[in-house]
Amino acid sequence: MKRLVILGAGTAGTMMANLMVKKLPKHEWELVIVDQNRTHYYQPGFLFLPFDIYQPEDVIKPINDFLPKRVKRIVAGIDRVEPKSNQVLLENGELITYDLLVIATGCNIAPEEVNGMMSDKWYKEVFDFYTYDGACALRKKLQTWEGGKLVIHITEMPIKCPVAPLEFAFLADAFFTEKGMRDKVDITFVTPLSGAFTKPVASKQLTYLLKEKNIKIVADFAIERVDSDNRKIHDYGGQEVDYDLLVTVPTNMGDPMVARSGFGNDLNYVPTDKCTLQSKVADNIFVIGDATDLPASKAGAVAHFEAEVMVENMMHFIEGKPMRFEFDGHSNCFIETGHGKALLIDFNYTHEPVEGSFPLGGFGPLKLLKETRMNHMGKLAFRWVYWNMLLKGVPIPFVPATMSHAGKDFSAIECD
Amino acid sequence: MTTTLAGKEVNVNAEGYMTDLNQWTKEIALEIAQQEEVTLNEKSWQVITWIQEQFKNEDALTIRKVGKSGVTDIKEFYELFPNGPLKKASKIAGIPKPVSCI
Ligand SMILES: Cc1cc2nc3c(=O)[nH]c(=O)nc-3n(C[C@H](O)[C@H](O)[C@H](O)COP(=O)(O)OP(=O)(O)OC[C@H]3O[C@@H](n4cnc5c(N)ncnc54)[C@H](O)[C@@H]3O)c2cc1C
């Protein structure tokens, strides 16, 4: 009997378990999945929690509900992978051997990377919304906050769902407007990038929206420290920004398990072939989702595209054939802009987000890079798609792994 | 496209970043530095050499990496190349503008 071990039962790990169960014959392969949690968090919902658009129960479900019966569940912390002996060591001392390994341990915030970020003001005046605890704490804060300087801040790239901080700014604008206190809140968006977004074409569009919503932007801000006593953030270049309420996205890092295994990069991401998704650590280790060092967005939708490619490549690997299927870095995401509207962007390793329309079965066409109500409905529908299709590895109609050029205006793009 | 730097014709992109490191010389670096209003000292040259090595090894450049390079720290890097050190240092070193990621 051979064994496939999947590390992490988040978005990507759960998807892989569902897909591989269908591919690997029962009498030949055993499937094992390891995660420290019993709860699956719908992380895209963390954006909506602080504004009472979602309730905590909307974003949590038992991990077990999404795993096929044949897959053996182990609830334990992973200490490290030992690629030379094809073994995984668990924190409880147990050893599991594997023939094939999938690393899907994601990434998490590391606020301790910035001086002063973790102080006695953490979750009092300084918050993150990238964790369940952070989003819930911020929700409570916003219910009674009387206004002042709200600073939304990105520490350093890469972060998962790179548009989430911008969406947070847009939703905050809408939230305070609806509460009738927008005039009491001064919103500033602080980023280490030179503009609102990493991709120039989208950045132009998004900068316009910020202006329209009266949100100030401070760019090229490389944070040095948080002075939580005087409520200021300082950058290495000498800039400083005052806040009353700081909503920051701390440095994102791969799980320390990767560092303990001795193969992570400086942010604990696993070196991965950007086309085949095979790790550069060992041939029988594949990596998916936020745990990789790929130059693609860290997003659930991307993990979904990766899974399609990776399943085929893993089957080729098992059969001793060369790997054929290539991932092109395809990403798409809705950008919630507040007041019931959203944008949709679609891009890959080499193509910038473009204008046009995006075909989504029974739903579209959704307008790319244009603020519409339909896109907002798409974003909310994503939760249903996530729980009912994405995690279970059900193909999402009309959304192929590689980027479709149909219906898009490519004249606006520059390829490098 | 091409432009003339230090009397030589070199390939650059629309933003003025060199696209062929083989064409780079110290004289060119000095001219770009002047355009960017950066004065180079001995330390700056060490940083430039280190940056070029990263590029040759295909290692993506980040502020964090510079901080851990052993050549300089982030604070000093900002003093050496004020206002957007990563972009300026890359331009002077003759490598493409760092894409901080997606
Ligand atoms: C605020 C926010 C908004 C987002 N919005 C969107 C969006 O609109 N669209 C979109 O597509 N994506 C969005 N994302 C990103 C998306 O949630 C992630 O990209 C996706 O969940 C990544 O899946 P993953 O499986 O790689 O990691 P995860 O889902 O994070 O799973 C990792 C799993 O590994 C486990 N694990 C890690 N280390 C260990 C260890 N040592 N021992 C045991 N278990 C371990 C963890 O417990 C976890 O269950 C958003 C994320 C955030 C935070």
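Residues numbered from 1 in each chain as written. Chains lettered and ligands numbered in written order. Predicted model: local features only at pLDDT ≥ 70, side-chain atom pairs only at ≥ 80, totals over all residues. Heavy atoms only, no water.

A.B. asks: Any details on the overall build of chain A? Residues and values, ideally.
C.D. replies: When you go through chain A residue by residue, the secondary structure sums to seven helices and 25 strands. Intrachain contacts of chain A at a sequence separation of at least 6 include 67% that bridge at least 24 residues. Here chain A has roughly 16,700 Å² of accessible surface; of this, 50% comes from carbon and sulfur atoms. (Helix = DSSP H or I, 4+ residues; strand = E, 2+ residues; numbered from the N terminus. Contact = heavy atoms within 4.5 Å. Areas by Shrake-Rupley, 256 points an atom, 1.4 Å probe, with all protein chains shown as cover.)

A.B. asks: Which residues make up the domain arrangement of chain A, and what are the values?
C.D. replies: A common way to express how large an interface is: the accessible area buried when the components associate. All names here are of chain A. Its domain assignment divides chain A into domain 1 (2-108 + 253-318) and domain 2 (109-251). Relative to domain 2, the C-alpha centre of domain 1 lies at a distance of 30 Å. Between domain 1 and domain 2 the total buried area reaches about 2,000 Å² when both faces are included, carbon and sulfur atoms providing 69% of it. A salt bridge links Asp52 to Arg139; its shortest N-O distance comes to 2.9 Å. Summed over the shared surface of domain 1 and domain 2, the number is six residue pairs in polar contact (both at pLDDT 80 or more). Here the side of domain 1 that touches domain 2 is built from residues that sort into 16 nonpolar, four polar and three charged. (Domains from an automatic or database assignment. Buried area = accessible area lost by both parts, 1.4 Å probe. Salt bridge = Lys/Arg side-chain N within 4 Å of Asp/Glu carboxyl O. Polar contact = N/O pair within 3.5 Å; in protein donor to acceptor, adjacent residues only side chain to side chain. Nonpolar A, V, L, I, M, F, W, Y, C, P; charged D, E, K, R; others polar.)

A.B. asks: Please provide a residue-by-residue account of the interface of chain B and chain A, values included.
C.D. replies: On the side of chain A, 21 residues touch chain B, which itself brings 10 residues to the contact. Surface buried jointly by chain B and chain A totals about 1,400 Å² across both partners, of which 55% is contributed by carbon and sulfur atoms. Linking chain B with chain A are four salt bridges. One salt bridge connects Glu156 of chain A with Arg64 of chain B, and the closest N-O pair in it is separated by 2.7 Å. At the boundary of chain B and chain A, one finds five residue pairs in polar contact (both at pLDDT 80 or more). No other element matches the three residues that helix H4 (residues 74-80) of chain B contributes to the side of chain B that touches chain A. Considering only residue class, the side of chain B that touches chain A consists of four nonpolar, two polar and four charged.

A.B. asks: Would you mind going over the pattern of salt bridges in detail, with residue names and values included?
C.D. replies: Residues and elements named next belong to chain A. Using the criterion set out here, one finds 22 salt bridges over all chains in the structure. Between Arg383 and Asp58 there is a salt bridge, with its nearest N and O atoms 3.6 Å apart. Residue Arg383 is located in helix H7 (residues 373-390), and its partner Asp58 is located in the loop between strand S3 (39-41) and strand S4 (60-62); the two are separated by 325 residues in the primary sequence. The exposure class assigned to Arg383 is partly exposed, which follows from its relative accessible area of 23%. (Buried < 20%, exposed > 50% of the residue type's maximum accessible area, 1.4 Å probe, protein only.)

A.B. asks: So, helix H1 (residues 26-35) of chain B: which residues are in play, and what are the values?
C.D. replies: Residue and element names in this part refer to chain B. Within H1, burial applies to Ile28, Ala29, Ile32 and Ala33. Buried residues of H1, viewed axially, fall in a sector of 135 degrees; they line one side. Counted as exposed and oriented over 90 degrees from the buried face of H1: Glu27 and Gln34. Residue Glu37 follows H1 closely and has a positive phi angle near 60 degrees. (Arc of directions from axis to C-beta.)

A.B. asks: Can you tell me about the site of the ligand, naming the residues and giving the values?
C.D. replies: Residue and element names in this part refer to chain A. Taken together, 30 residues surround the ligand, and among them Thr11, Ala12, Asp35, Ile78 and Ala301 come closest. Interatomic distance of 2.9 Å between a backbone N/O atom of Asp290 and an oxygen atom of the ligand. When the ligand sits alone it has 1,000 Å² of accessible area, and the protein chains cover 95% of it. Among the residues forming the shell around the ligand, the class breakdown is 13 nonpolar, 11 polar and six charged. The residue makeup of the shell around the ligand includes at least three contributed by each of domain 1 (2-108 + 253-318) and domain 2 (109-251). (Near = heavy atom within 4 Å.)

A.B. asks: Residue-level account of the sheet that holds strand S7 (residues 87-90) of chain A, with values.
C.D. replies: Residues and elements named next belong to chain A. Reading across from one edge, S6-S7-S8 is the order of the three strands in this open sheet, with antiparallel pairing throughout. Each edge of the sheet is formed by a strand with only one pairing partner; in this case those strands are strand S6 (78-82) and strand S8 (95-97). Strand-to-strand twist in this sheet, taken as the mean axis angle between neighbours without regard to direction, amounts to 20 degrees. Pairing analysis gives three bridges linking S7 to S8, with the strands arranged antiparallel. Following the sheet pairing, Val88 is matched in S8 by Ile96. (Pairing = 2+ DSSP bridges. Axes fitted to C-alpha atoms, helices over the stretch in contact; angles between N-to-C directions.)

A.B. asks: Provide a residue-level description of the packing of helix H1 (residues 11-23) of chain A against helix H6 (residues 300-318) of chain A, including the pertinent values.
C.D. replies: Pairs of packed helices are described in terms of their axes, by the angle between the two and the distance that separates them. Residues and elements named next belong to chain A. Here H1 crosses H6 at 35 degrees, and the two axes come no closer than 10 Å. Taken as a pair, H1 and H6 cross one another with a handedness that is right-handed. Mapping the contact onto sequence places Thr11, Ala12, Met15, Met16, Leu19, Met20 and Lys23 in H1 and Gly300, Ala303, His304, Ala307, Met310, Val311, Glu312, Met314 and Met315 in H6. Looking at the contact of H1 with H6, its residues break down into 11 nonpolar, three polar and two charged. (Left-handed = near helix turned anticlockwise from the far one by under 90°.)

A.B. asks: So what's going on with the sheet that holds strand S14 (residues 216-218) of chain A? Residues and values would help.
C.D. replies: Residues and elements named next belong to chain A. If you trace the five strands from one edge of the open sheet to the other, you get S11-S18-S12-S13-S14, paired in parallel fashion. The open sheet has two free edges, formed respectively by strand S11 (126-127) and S14, since each of these has just one partner strand. Pairing between strand S13 (residues 185-190) and S14: three bridges, direction parallel. For Phe189, the partnering residue across the bridge sits in S14 and is Ile217. Sitting on the sheet, helix H3 (residues 164-178) touches strand S12 (148-154), S13 and strand S18 (245-249), and the angle it makes with S13 is about 175 degrees.

A.B. asks: Could you give an account of the side chain of Ser90 of chain B, with specific residues and numbers?
C.D. replies: Residue and element names in this part refer to chain B. Residue placement: Ser90 occurs in helix H5 (residues 85-93). With a relative accessible area of 0%, Ser90 lands in the buried category. At a separation of 2.6 Å, a polar atom in the side chain of Ser90 contacts the main-chain carbonyl oxygen of Leu86. When sequence neighbours within four positions are dropped, the list of residues in contact with Ser90 reads Tyr17, Leu61, Ile95, Pro96 and Pro98.

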